[in-house]
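Each chain is listed here by its residues.
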Amino acid sequence: MLRHADARAVRVSLNWADTTLEIEVADDGRGAQGVTGGHGLAGMRERVTACGGTLRAGSGGEGFLVAATLPIG
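Each value, and the rule that gives it
- All residue numbers here refer to positions counted from 1 along the written sequence of the relevant chain.
- The predicted nature of this model means local features are confined to residues of pLDDT at least 70 and side-chain atom pairs, given and counted, to a pLDDT of 80 or more, with totals for whole chains, interfaces and linings taken over all residues.
- Side-chain figures throughout are based on the complete set of non-hydrogen atoms in the structure, without hydrogens or water.
- By definition, any uninterrupted DSSP run of H or I lasting at least four residues is a helix, any uninterrupted run of E lasting at least two residues is a strand, and each is numbered from the N terminus.
- Each residue gets one of three labels from its accessible area relative to the maximum for its type: buried under 20%, exposed over 50%, partly exposed in between, using a 1.4 Å probe on protein chains only.
- The contact criterion used is simple: two residues touch if any of their non-hydrogen atoms lie within 4.5 Å.
- For the accessible areas, the method is Shrake-Rupley and the probe is 1.4 Å, while residue cover comes only from the protein chains on display.
- In this description, strands pair whenever DSSP reports at least two bridges between them.
- The criterion is simple. A nonpolar core is a set of buried Ala, Val, Leu, Ile, Met, Phe, Trp, Tyr and Cys residues joined through side-chain atoms within 4.5 Å.
- When a carboxyl oxygen of Asp or Glu is within 4 Å of a side-chain nitrogen of Lys or Arg, the pair counts as a salt bridge.

S.K.: Help me understand the overall build of the chain, please; the structure alone is not making it clear to me.
M.R.: A count of helices and strands for the chain gives two helices and four strands. N-terminal to C-terminal, the α/β element order of the chain is α-β-β-α-β-β. Residues classed as buried in the chain amount to 23% of the 73 residues present. The long-range share in the chain, meaning contacts at least 24 apart out of those at least 6 apart in sequence, stands at 47%. By element, 54% of the accessible surface of the chain is carried by carbon and sulfur atoms, the whole surface being about 5,200 Å².

Take a look at the structure:
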């Protein structure tokens, strides 16, 4: 995330229960501007969906947020 975000700080959170793992990455940057190449968020979404999970990404208030929920167990 820092490569495109022009961020100064990042926060990573992991929360898990018996059946799910929640991963959240938030920064204080601006997010990517325009097309940056690669598979980026679309690739992440495809991988998370293939595992039966969900992904959301976008403005996180003061920066950019990527959050995934994955089934486990």
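S.K.: Got a minute to help me understand the pairing of strand 1 (residues 10–16) in this structure?
M.R.: The two faces of the sheet receive side chains in turn, since in a regular strand these alternate between them. As judged from the seven bridges shared by strand 1 and strand 2 (residues 20–27), these two strands associate in the antiparallel manner. When the bridges of strand 2 are listed, S13 appears paired with E24. Connecting strand 1 to the antiparallel partner strand 2 that follows it, the hairpin turn spans three residues.

S.K.: Before we go on, may I ask you to explain the nonpolar core in this structure?
M.R.: Side chains that are nonpolar tend, in soluble globular proteins, to be buried together. Judged by nonpolar contacts, V48, L55, F64, V66, A68 and L70 together constitute the single largest core of six residues. For this core, the element with the highest residue contribution is strand 4 (residues 64–71), accounting for four residues.

S.K.: Can you walk me through the pattern of salt bridges in this structure?
M.R.: Note on pairing: side chains with opposite charge can pair once their charged atoms come close. All told, the structure shown has two salt bridges when counted by the stated rule. Where E24 meets R11, a salt bridge forms, and the shortest distance between an N and an O atom there is 3.1 Å. Of this pair, E24 sits in strand 2 while R11 sits in strand 1; the two residues are 13 residues apart in sequence, bridging distant segments of the chain.

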